[in-house]
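# Topology and contacts: notes
The residues making up each chain are set out below.
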Amino acid sequence: MIKMEKKLYTATVNVQGGREGKAVSSDENLNVDLRYPKELGGNGAGTNPEQLFAAGFAACFEGAMGTILRKRNIKTEGIKIASQVTLGKDADDGYVLAITMDITIKGVETSVAEEIVAEAHKVCPYAKATHGNIEVISNVVG
């Protein structure tokens, strides 16, 4: 386990009602209705934990890549991440997650982009937290 030595920020979100409820951050900037997706029998009229995780992971990962690019003084024409979080079952019929990110770093050679993505897995807190716990696939697509 990696021990936190210095706290920088704490996000607080209150959730009531689980997958059929509401999530509101303490500053109220996040205020979403939570609903089961249609694929899991819901009406799909809200967001779900998998979408929130996909957004959070991709945003954090892109931030890590940006930090690495700045440290290396590499200019880009932009970064795009298409993030997919899949909810599934393991061999014991328990729930598990997997994440796939299709990553584009415009204006950077593929080999350099692959190096940046590999390094970002060592920097991004989401990547570090999930390492060895769930399947994470990073595809450099452009």
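That block above? That's the structure.
Residues numbered from 1 in each chain as written. Predicted model: local features only at pLDDT ≥ 70, side-chain atom pairs only at ≥ 80, totals over all residues. Heavy atoms only, no water.

## Let's talk about the sheet that holds strand β1 (residues 13–16)
What holds strands together in a sheet is hydrogen bonding between their backbones, with the strands either parallel or antiparallel. What counts, and what does not: For two strands to count as paired, DSSP must find a minimum of two bridges between them. A run of H or I in DSSP counts as a helix once it spans at least four residues, and a run of E counts as a strand once it spans at least two, with each numbered from the N terminus. Orientation is described by lines fitted to C-alpha atoms, with helices fitted over the stretch in contact, and by angles between N-to-C directions that extend from 0 to 180 degrees.
Ordered by their spatial adjacency, 3 strands build an open sheet running β1-β2-β3, and the pairing between neighbours is antiparallel. Edge positions in the sheet fall to β1 and β3 (31–33), since each of these pairs with one other strand and no more. For this sheet, the mean inter-axis angle between neighbouring strands, taken without regard to orientation, is 10 degrees. The pairing of β1 with strand β2 (residues 22–25) spans 4 bridges and is antiparallel. Bridging from a neighbouring strand, N14 pairs with V24 of β2.

## What to know about the packing of aromatic side chains
Threshold: Two rings from Phe, Tyr or Trp (for Trp, the six-membered ring) form a pair when their centres sit within 6.5 Å of each other. Planes less than 30 degrees apart are called stacked, planes more than 60 degrees apart edge-to-face, and all others tilted. Only protein chains enter the area calculation, which uses a 1.4 Å probe; residues under 20% of their type maximum are buried, those over 50% are exposed, and those in between are partly exposed. For a Lys NZ or an Arg CZ to count as sitting over a ring, it must be within 6 Å of the ring centre and within 35 degrees of the ring normal.
Counted according to the given criterion, the structure contains 4 aromatic pairs. Note on F57 and Y126: the rings are 5.6 Å apart at their centroids and 65 degrees apart in plane angle, and the pair reads as edge-to-face. Here the residue F57 occupies a position in helix α1 (residues 49–71), and Y126 occupies one in helix α3 (residues 125–130), the gap between them amounting to 69 residues. Residue F57 is classed as buried on the basis of its relative accessible area, which comes to 0%. By way of ring pairs, the aromatic residues F53, F57, F61 and Y126 are connected into one cluster. When the ring centre of Y95 is taken as origin, the NZ or CZ atom of K89, which lies over that ring, is 4.5 Å away.

## Digging into helix α2 (residues 110–123)
For clarity, the cut-off: Here a helix's expected span is defined as the number of its residues, less one, multiplied by 1.5 Å. Whether two residues touch is decided by their heavy atoms; if any such pair falls within 4.5 Å, the residues are in contact.
Between its first and last C-alpha, α2 extends 20 Å over 14 residues, near the 20 Å set by a 1.5 Å rise per residue. On its buried side, α2 packs onto α1, β5 (95–106), α3 and β6 (135–140).

## Overview of the sheet that holds β6
One open sheet holds the 3 strands; their spatial order is β4-β5-β6, and the pairing between them is mixed. The sheet is open, and its two edges are formed by β4 (78–89) and β6, each paired on a single side. When the angles between neighbouring strand axes are averaged without regard to direction, this sheet yields 15 degrees. Relative to β6, β5 is paired through 6 bridges, and the arrangement is parallel.

## Quick look at unusual backbone geometry
Leaving glycine out, the prevailing phi sign among residues is negative, and the prevailing peptide bond configuration is trans. Here the phi dihedral of N73 falls at roughly 55 degrees; this positive angle occurs in a residue that is not glycine. Relative to the helices and strands, N73 resides in the loop between α1 and β4. One non-glycine residue with positive phi stands out, namely D93, at about 70 degrees. Along the chain, D93 falls in the loop between β4 and β5.

## A closer look at the pairing of β4
One ladder, built from 12 bridges, connects β4 with β5; its direction is antiparallel. Looking across to β5, one finds that Q84 is bridged to T100.

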